[in-house]
Amino acid sequence: MLKLNGTVFMPSVLTLVGIPGLESVQFWIGIPFCAMYITALFGNSLLLVIIKSERSLHEPMYLFLAMLGATDIALSTCILPKMLGIFWFHLPDIYFDACLFQMWLIHTFQCIESGILLAMALDRYVAICDPLRHAIIFSHQLLTQIGVAVTLRAVIFSAPCLILIKCRLKHFRTTVVSHSYCEHMAVVKLAAEDIRINKIYGLFVAFIILGFDIIVIILSYIRIFITVFNLPQRESRLKAFNTCIAHICVFLEFYLLGFFSFFTHRFGFHIPPYIHILLSNLYLLVPPLLNPIVYGVKTKQIRDRLSKIFSL
């Protein structure tokens, strides 16, 4: 690592600050974060075990939920161990390549989660708007293809972020990352060179993936609501709507937190840095925590299986 004209050439190690401005209380912040992580691990793992062991849950809706649970476990595991190392054990250093790898994993799993939420919305759309063809359309073969397509889309679109940093940015003003994990813009802003291409590509990925997914999900639910409200019987309307409530809650929690964090990090210049970082952390920790709780409370089959497990 060479220093030239006040800049660092190709740093081998970066330093993660944690939460700027809250360094003195990071130890205590780590306690609820750790509790959230453990709860998310337990809840999602239990959900995976229930879906795997109960044959009646081997339906598209629950298999998508299993994919979501596995993604949530991977996403929270990408950031929490290192974050707690910073908060509790004063281990802020991370190898540059390891930082880029963490960044790639985080954004890849975020894109995968968005794709799964889109698939779940389309599943509900077919189940309610074209129920007679649902079993034919959403076959196990299609589910496998959706899983592969969602993963490949995330991997392919996230990879150029790493390549653009690794190949374009050689000189850095500092090696101190004002964040608790390796977020794309937090790393890019360290560079002493033109970063417009990196910024543009980051925005492109956000809008081409998250933007596309959210538009299709909203359009699907508009069509679902029209179909539900046109059902002749009140009981049928309530039953159909109840199958969508859990997904709507998860959808709102993921995208509202995501877009709020995304825009405040890029355009909220008057918002204190610790607010940015806390929002980013909560965006990655709250959905994995809440998703199994929401589905556990709102899905009768999962509630029944849980009651059997805990009544033994």
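Here the structure is a predicted model, which is why all the values come from computation and not from measurement.

Parameters at a glance
- Residues numbered from 1 in each chain as written.
- Predicted model: local features only at pLDDT ≥ 70, side-chain atom pairs only at ≥ 80, totals over all residues.
- Heavy atoms only, no water.
- Helix = DSSP H or I, 4+ residues; strand = E, 2+ residues; numbered from the N terminus.
- Contact = heavy atoms within 4.5 Å.
- Phe/Tyr/Trp six-rings, centres within 6.5 Å; stacked < 30°, edge-to-face > 60°.
- Buried < 20%, exposed > 50% of the residue type's maximum accessible area, 1.4 Å probe, protein only.
- Salt bridge = Lys/Arg side-chain N within 4 Å of Asp/Glu carboxyl O.
- UniProt positions renumbered as here; feature names shortened; annotations may be inferred.
- Patch = residues over 30% accessible without salt bridge, like charges linked within 9 Å, V, L, I, M, F, W, Y side chains within 5 Å.
- Areas by Shrake-Rupley, 256 points an atom, 1.4 Å probe, with all protein chains shown as cover.
- Disulfide = S-S within 2.5 Å.
- 1 Å grid on protein atoms, 1.4 Å probe; cavity = no way out; pocket = protein on both sides within 12 Å on 5 of 7 lines; lining within 4 Å.
- Points joined across faces, edges and corners; volume = space filled by probe spheres on them.
- Nonpolar A, V, L, I, M, F, W, Y, C, P; charged D, E, K, R; others polar.
- pLDDT = per-residue confidence, 0-100.

Peer 1: Help me understand the environment of Leu122 in this model?
Peer 2: Relative to the helices and strands, Leu122 resides in helix 3 (residues 96-129). C-alpha separation for the pair Leu122 and Cys182, spaced 60 residues apart in sequence, amounts to 33 Å. Every residue in contact with Leu122, bar those within four places of it in the chain, is listed here: Phe138, Val216 and Ser220.

Peer 1: Could you clarify how one ought to interpret the packing of aromatic side chains in this entry?
Peer 2: In this description, a pair of aromatic rings is defined by centroid distance and the angle of the planes. By the definition in use, this model includes 14 aromatic pairs. For the pair Phe96 and Phe172, a centre-to-centre distance of 5.7 Å together with 75° between the ring planes defines the contact as edge-to-face. Placement of Phe96 in helix 3 and of Phe172 in strand 5 (residues 171-172) is noted, with a sequence separation of 76 residues between them. The pair formed by Phe96 and Phe172 is uniform in burial state, with each residue classed as buried. For the pair Phe254 and Tyr255, a centre-to-centre distance of 5.0 Å together with 90° between the ring planes defines the contact as edge-to-face. With respect to class, Phe254 is no different from Tyr255; both count as buried.

Peer 1: I keep staring at the pattern of salt bridges and nothing clicks. Help me out?
Peer 2: Two side chains of opposite charge can pair, provided their charged atoms sit close to one another. Here the structure, examined in full by the defined rule, presents 6 salt bridges. The shortest N-O distance in the salt bridge between Arg133 and Asp130 comes to 3.4 Å. Looking at Arg133, the relative accessible area reads 47%, which means it is partly exposed. The partner of Arg196 in a salt bridge is Asp194, and the shortest N-O contact between them spans 3.0 Å.

Peer 1: Explain the UniProt feature "transmembrane region" (unreviewed entry) in the protein to me, please; I cannot follow it from the model alone.
Peer 2: Mapped onto the present numbering, the UniProt feature "transmembrane region" (unreviewed entry) falls at residues 27-50, 62-89, 101-122, 142-165, 200-222, 243-263 and 275-297. From the first C-alpha to the last, residues 62-89 spans 39 Å; its make-up is 100% helix and 0% strand.

Peer 1: I'm lost on a nonpolar patch on the surface in this one. Help?
Peer 2: On the surface, Ile215, Ile218, Leu219, Ile222 and Ile226 cluster together into a nonpolar patch covering about 460 Å² of accessible area. Mapped onto the fold, Ile222 is located in helix 7 (residues 196-229). Residue Ile222 is classed as partly exposed on the basis of its relative accessible area of 44%.

Peer 1: Just checking my understanding: could you explain the state of the cysteines for this structure?
Peer 2: By definition, a disulfide is the covalent link that joins the sulfur atoms of two cysteine residues. According to the stated counting rule, one finds 1 disulfide in the structure shown. Two residues, Cys99 and Cys182, share a disulfide whose sulfurs are 1.9 Å apart. As the torsion about the S-S bond is roughly -120°, the Cys99-Cys182 disulfide counts as left-handed. One end of the pair, Cys99, is in helix 3; the other, Cys182, is in the loop between strand 6 (176-177) and helix 6 (184-188), and 83 residues separate them in sequence.

Peer 1: How should I be thinking about empty space enclosed by the protein in this particular structure?
Peer 2: Empty pockets left among the atoms are what a rolling probe the size of a water molecule brings to light. In the structure shown here, the tally under the stated rule is 2 cavities of 30 Å³ or more. Size it by volume and the second largest cavity reaches roughly 40 Å³. Lining the second largest cavity, in full, are Met61, Met120, Asp123, Arg124, Thr243, His247 and Tyr295. Those elements that provide at least two residues to the lining of the second largest cavity are helix 3 and helix 8 (234-267). If you tally residues by element for the lining of the second largest cavity, the top one is helix 3, at 3 residues. Of the residues that constitute the lining of the second largest cavity, the class distribution is 3 nonpolar, 2 polar and 2 charged.

Peer 1: Before we go on, may I ask you to explain the confidence of the model for the protein in this structure?
Peer 2: Interpretation of this model should avoid reading the predicted coordinates in detail wherever pLDDT is low. Confidence in the prediction for the protein averages 88 pLDDT; 95% of positions are at 70 or higher. The weakest mean pLDDT in the protein belongs to strand 1 (residues 2-4) at 57; the strongest belongs to strand 4 (residues 93-95) at 95.

Peer 1: Honestly, the layout of surface pockets in this entry has me stumped. Any pointers?
Peer 2: Roughly 520 Å³ of volume is contained in the largest pocket. Taken together, 19 residues line the largest pocket, and the ones lying closest to its centre are Met61, Arg124, Lys239, Asn242 and Thr243. Listed by contribution, the elements that provide at least two residues to the lining of the largest pocket are helix 2 (60-89), helix 3, helix 8, helix 9 (273-298) and helix 10 (300-311). A per-element tally of the lining of the largest pocket places helix 8 first, with 6 residues. For the lining of the largest pocket, the per-class residue count stands at 7 nonpolar, 6 polar and 6 charged.

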